[in-house]
Structures are given as structure tokens and as C-alpha cells.
Amino acid sequence: MTDTVLSVRNLTTSFRSAAGPLTAVNDVSFDVRQGEVMGLVGESGSGKSVTLRSIMRLLPRGAQIGGTVTWAGQDLLKLSDAGIRAVRGGQISMIFQEPMTALNPVLPIRIQITENLRAHTDLDANGRAARARELLDIVGIPDAARRLDEFPHQFSGGMRQRAMIAIALASNPRLLLADEPTTALDVTIQDQILNLILDLRDEFGMSVVFVTHDLGVVAATCDRMAVMYAGRIVETGTVADVFARPNHAYTRGLLGSVPQAGAERSMLLSIEGTPPGLAAIPPGCAFNPRCTFAGDTCRTTRPELTSLGPDRSVACHHNDAVVQAGSPVA
Amino acid sequence: MPLSEFLARRLLQLIPTLIFILIVVFVLVRLLPGDPTSAILGDRALDADVERINRQLGLDQPIIVQFWLFVKSVFSGDLGNSIVLKLPVTTLIAQRLPTTILLTVMAALIALIMAVPLAFVAALQREKLADASIRGAFQVGLSMPVFYLGLILLTVFGARLQWFPVGGYGDGFLDHLYHLFLPSLTLALSLSAILMRNLRAAIIGVLDAEYVSFAHAKGLAPRLILTRHVLRNALISTVTIFGLSIGTLLSGAVITETVFAIPGAGRLMVDSIYGRDYPVVQGMTLALAVLVSVTFLLTDILQAWLDPRVAR
Ligand SMILES: Nc1ncnc2c1ncn2[C@@H]1O[C@H](COP(=O)(O)OP(=O)(O)OP(=O)(O)O)[C@@H](O)[C@H]1O
Ligand code: SF4
Ligand SMILES: [Mg+2]
């Protein structure tokens, strides 16, 4: 595919711990294409945020990142410090998951926006000020001129989220890594922000990796999706395909717990139990203790991610049985 | 709340503080053993003389009236006369306090100059050799008594190497600075150890903060992130410690002035207590207490400037 902008291959990230390395992201591979919104879904702790941070090399010291992340012909994981700095915030931007802590409490919003422009554009001080006002307008923060001189604690949660998006979009990035940009926002604001991201995608051909555990949001915004469980990708495909014919029991479970318009939420299908901790990932398929399709092989042999066709892959020993069972949302 | 309103409010808070200081100083001096009249007249005074002096000093009045007279004279700038030195207390304060202030300010600056860069190095090299060496060295500095440290510095850099004078205050501002260098270094060491430890911990905390990761995600240069995002946030808690340490610094100045034979307020205070020079003790206590409250005020202003959440 020639229009692939980001290519992640065998990304593996582990953290040091007293009991040995803990692998939070394991052998993850995916592509992001020009102008596409790629959804990354999974329960809490499945490694979505660590995946995004590994791409940007934004992990605390002591984290080991392996694999390759190809962007504009370069491996971001091997780039010099100066090289990765030019990419960060300029070519690839990231919206952090937690708007309450991601903004610096002692700096006015103006500085937090313009420092990005200063690092990545040729704008002079006036140009930067004008662009900062324009950005607040774009993300729907009213009274921009006054708001720019305010501090994060004067902003509500939704406004901080928007300010963070404004910062991320400041230098017209070609790829946006959006880590749950709408969690903890009420539904109307959530819709506005999703539409804003889609508008920018349409207008500038920006690509987006969209992390969420809300499959309703995936259906509304994403083109393709990858499902993560315990640090690994277990299923990929176009959103339409995955929703119509889930091949992995975990994906099917996730879809089963999406509340549907006009229908009772199907409690039968919601997934029992909780995901395993990094130190106690079960042998075989990591999902087997919670899986209603599990057989003996699942408890001993880990299923490899296998291609089912272009853009479609799954890591499940019994995907035929899962497909047979049908989609809870079809 | 705008910064100006914060300032106004903080200044208003100074009034009850000052009243409290006046009460404490007034009571404290009356709790000292002995009394001013026998200090003036000696132990074998005649009853008539005692009565006369008591009347002169207003000591025959009810305590409330005495306090009122005390407050009135303080506000008219009259702190009485020294019994021993026969000079107005205000004159003595004007002579001696600037020396102590200069000593304290120099010590504070030296402490900052040592603590801030080393705290950065230690925090950035966390758990490595540089961190361990810096922390070890400061631990030694922190555990040594001020007077002992002063004597060591005096012996090595004063008496042995003769780089610095062994005592006195000199003539002219630059000479003062030269004479005060070793004493302020002595005073600074334990403060800088406290500041370094606190700032190192604060920097480590801030380095792990999400907004620092977000600053990296913007592609900012590391030096800009350290100065703009890390230092300022880390200083917020350290400034509080710094302000609180000024009181300790002033009491440390008393010892240091004795070791280095500096004619400052600390020396005067000690001499006056031994000489039962009540007006001087009272006046100096008052002056030092006001000085400390003003330092706290400045600390609060600095904090409000660093951290917009405090005032705005
Ligand atoms: N700095 C770190 N040190 C050690 N472990 C970490 C670190 N950051 C994340 N982890 C662990 O890595 C795993 C994956 O975390 P991650 O934040 O990627 O999950 P997530 O999929 O984003 O979940 P959520 O939906 O809750 O945001 C978790 O078990 C987490 O505890
Ligand atoms: S591999 Fe086995 S345990 Fe894992 S999801 Fe498929 S059926 Fe369930
Ligand atoms: Mg996350």
C-alpha cells in the first residue's frame, strides 16, 4: 500500500519491575493510512496508551521499546533525539488521555500553545498569537482572546480537553494519536469533539489513531480497527467487517456489551471476569479463562495473528465457531 | 482573585501578626529573670531610688497601661535607651541589624546557588553515582553543627590559607562582602542541604508528571522543558521551605556572628541578654520578629507569582 503513513512492526514494550520485565505491549503490528481513522480498542490495561507512547518514545526511563515504527522512511525508534523532537508535535501529535494532568498548572494556555508553534513553525510572535486565537476558535472555546491568558485550573474538564486538542493541532500534524480524547466528557461535547477531529481529517488529510474502549465511538468515527487484549492485537479489520463478523471471542464479547439503540443491552454476552495483570498473563490464549469458546489448545498454545484476507486478521483457535455464533450487533 | 487583591489581603493579615508580636515581646521581656530597675541600680539600691526609677519607666502603672505605653512608644519610633551602652535602641538596631540582614541574604543566596544546580544534577542522574555523591556530601554538611563547621572553615581558609579574614566586618560594602563570605558559607551549608533535598524530590516528582510528558510530546528542547516546565513547578514547594528556613537562618546568624566576631544583631542580642539590657532585648526581638514576618510575606508573594492557583 503506497498511502501508508505509519507502519508499526513487532512493537514490544516492557517495564522493569522487581519481579523481572513486564511486557505491556507485545509484538504489535499495524499500519495507518493517509486520511484514515484507525481505532485501537480494548479494556483498561490492554496496552493502548503504552502503544501510542512507544510510537512517540514518550515512556519513562527504564522502559524497553523493541520493533520498528516507520514514519516518512525513518524508524522513529532509531531516530536521534533531535530527529524525534522534530517529529513530535510537528508531524505527529498526541492528545493525552488525562486532560486534568496533561496541562502545566502554572503556565497560561497561551504559552502552552505558542511554544509548540515556536518549535515547529516559522511564525513570528504576532503570527503565533493569531494562530493561538484561531486554534481556540477551531476547537470551540469561546472568548478566545481572554481565555488564552487563563490558566488550566480556570478551565472545566471539557475545556481542558479542547485546549489540549488545540495544542496538538497547532502545527498541522499529519498524524494525530488521540488517546481517549472524549472519555469523561458529556455526550454533546463528545460529539462536537469527534466531529471536529473528523472535519480536520477531511480538511487536511490528517490521519488519526483513535484509542477508546467505547465501541459506539469506534462505529461512529473509525474506518478500520484493531482490538487489543493483554498487550497483543487479537483482531483487525474494517469497522464494518469486524462489527458484522467478529472472529475473536473477545471482540464478540466487547460488541455484546455495547448498548444498542432501541434494544435491551444483552447481558448474556458481556464478558465475565477481568483482564489479567501483566505479571500473570495465562499461558496459551491470554483470554482463555474468560472465554466461552475455549478448548484445550487454547490453554496451552497461543494463537498466532493470522491473515484472513486483505485488512483482516485474527488470533483465535476457534474463530470459525465464533463466526458461527454470529455478531451481537449485526 | 487577582494578584493585587491577594497582596492587599496578605498585607491586611500582617496587622494581627504585628499585634501578636507586640504582645509576645512585651510579655517575654517581663518573664526574663530579674527586672530592669535592679539592672539599672544594681542589687543594693535604696527603696526611694527604686520607686523613682519604677515611676520613670512606668513600671508602677497597671499592666494594661504599661502595654499601651509600650505600643505608643513603638509606633512613635521610640524603643527606649540601652542601659549598658547608653544609646537609643533604635540607633543600635540601625547599626547592627543591616549587618545581620546582609549576612542572612548572602547565606540565602549562596545556599540557592549551591542547591539549585546540584538538585537538578542529582534529580536527572537519579540513583546514579553523581546523585549519590551529592546527597552524601550534603548529608555530611547537614549533620555538622554550625559553630563546628565555622571553626573548620576559619582554620583552613582563614588561618591556614589566609584567603579570607578570620573575623570582623571590614570597612565599605565590598570589604563587608569579603569579610562575610566565610560566615555566610557556614550558615548556607545546612540550608542548602535542606533546599537541595527538597528540590531534588520535587524535581523528580515533576519529571514524572503528565504535563512534562506532554511538553516532550510537543517536541520542545529538553533545556526549555527543564527551565519552563520543571523548575518552576518544583520551586513552588521549595520556596515555602526556603521562607520557613529564614527564621532558622537568623538564629544561626547569632552563633555565626559569635564565632566570626562580627558586630551584628545576633552578637548584640547575646550581649544584651547577659547584661540584662532589657530595652535592647525588647527592641531587637521586635525588629527580628518583624523581619521574619516580612520574609514570610515576601515568600508568599513569590509563591503566588510562581503558582497562579494560589492567588488567581
Ligand atoms: N510507566 C509504567 N510502568 C509500569 N507499568 C506500566 C507503565 N505504564 C503502563 N504500565 C502498565 O502497562 C499496562 C498497559 O497500560 P496502558 O496504560 O497502555 O493501558 P490502556 O489500554 O491505555 O488502559 P486504559 O483504558 O485504562 O487507559 C498496564 O498494566 C499498566 O499498568
Ligand atoms: S483462542 Fe481460544 S480462548 Fe482465545 S479467544 Fe479464541 S477460543 Fe477463546
Ligand atoms: Mg490508556
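Residues numbered from 1 in each chain as written. Chains lettered and ligands numbered in written order. Predicted model: local features only at pLDDT ≥ 70, side-chain atom pairs only at ≥ 80, totals over all residues. Heavy atoms only, no water.

A.B. asks: Is there a simple way to think about the domain arrangement of chain A in this case?
C.D. replies: Accessible area lost when the parts come together is the quantity often used to give the size of an interface. Residue and element names in this part refer to chain A. When the domains of chain A are assigned, the result is domain 1 (4-222) and domain 2 (250-325). The partner domain 2 presents nine residues to the ten residues of domain 1 that form the contact. When the two sides are added together, the surface that domain 1 and domain 2 hide from each other amounts to roughly 820 Å², 62% of it contributed by carbon and sulfur. Of all residues in domain 1, the largest losses of buried area upon contact with domain 2 belong to Leu 22, Glu 43 and Leu 215, amounting jointly to 56% of the total for that side. At the junction of domain 1 with domain 2, the criterion picks out two salt bridges. At the junction of domain 1 with domain 2, the criterion picks out three residue pairs in polar contact (both at pLDDT 80 or more). Residue assignment for the side of domain 1 that touches domain 2 shows that the elements contributing at least two residues are strand S2 (22-33) and helix H9 (215-221). A per-element tally of the side of domain 1 that touches domain 2 places S2 first, with four residues. Looking at the side of domain 1 that touches domain 2, its residues break down into four nonpolar, four polar and two charged. (Domains from an automatic or database assignment. Contact = heavy atoms within 4.5 Å. Buried area = accessible area lost by both parts, 1.4 Å probe. Salt bridge = Lys/Arg side-chain N within 4 Å of Asp/Glu carboxyl O. Polar contact = N/O pair within 3.5 Å; in protein donor to acceptor, adjacent residues only side chain to side chain. Helix = DSSP H or I, 4+ residues; strand = E, 2+ residues; numbered from the N terminus. Nonpolar A, V, L, I, M, F, W, Y, C, P; charged D, E, K, R; others polar.)

A.B. asks: Quick question: what am I supposed to make of the sheet that holds strand S5 (residues 74-75) of chain A here?
C.D. replies: Across a sheet, strands are paired by hydrogen bonds formed along the backbone, either parallel or antiparallel in direction. All names here are of chain A. Strand order in the open sheet formed by four strands is S2-S1-S4-S5, with antiparallel pairing between adjacent strands. Looking at the sheet topology across the chains shown, the edges are occupied by S2 and S5. Of the pairings in the sheet, the one linking strand S1 (residues 4-15) to S2 comprises eight bridges and is antiparallel in character. By the bridge assignment for S2, Val 8 is matched with Phe 30. Along the sheet, helix H1 (residues 48-55) contacts S1, S2 and strand S4 (64-71); its crossing angle with S1, the most-contacted strand, is approximately 115 degrees. (Pairing = 2+ DSSP bridges. Axes fitted to C-alpha atoms, helices over the stretch in contact; angles between N-to-C directions.)

A.B. asks: Would you explain the packing of helix H10 (residues 222-259) of chain B against helix H11 (residues 265-274) of chain B in this entry?
C.D. replies: The packing of two helices is summarised by the inter-axis angle and the distance between the axes. Residue and element names in this part refer to chain B. Direction vectors running N to C along H10 and H11 enclose 90 degrees, while the axes themselves pass 7 Å from each other. Between H10 and H11, the crossing angle belongs to the class labelled roughly perpendicular. Contacts between H10 and H11 involve Val 254, Glu 257 and Thr 258 on the former and, on the latter, Ala 265, Gly 266, Arg 267 and Val 270. Residue classes in the contact of H10 with H11 are distributed as three nonpolar, two polar and two charged. (Parallel < 35°, antiparallel > 145°, perpendicular 65-115°, else oblique.)

A.B. asks: Honestly, the domain arrangement of chain B in this entry has me stumped. Any pointers?
C.D. replies: Residue and element names in this part refer to chain B. You can read the domains of chain B as domain 1 (3-75) and domain 2 (89-311). Domain 1 and domain 2 are separated by 32 Å when their C-alpha centres are compared. With 22 residues of domain 1 at the contact, the number on the domain 2 side is 16 residues. For the pair domain 1 and domain 2, the summed buried surface comes to about 1700 Å²; carbon and sulfur atoms form 79% of the total. Interface area lost by domain 1 to domain 2 is led by Phe 6, Arg 10 and Val 29, which between them contribute 28%. At the boundary of domain 1 with domain 2, the tally comes to one salt bridge. The residue Asp 300 makes a salt bridge to Arg 10 at a minimum N-O spacing of 2.5 Å. Seen at the junction of domain 1 and domain 2, the total is one residue pair in polar contact (both at pLDDT 80 or more). In terms of residue count, the dominant contributor to the side of domain 1 that touches domain 2 is helix H1 (residues 3-31) (13 residues). Its residues placed into classes, the side of domain 1 that touches domain 2 shows 16 nonpolar, three polar and three charged.

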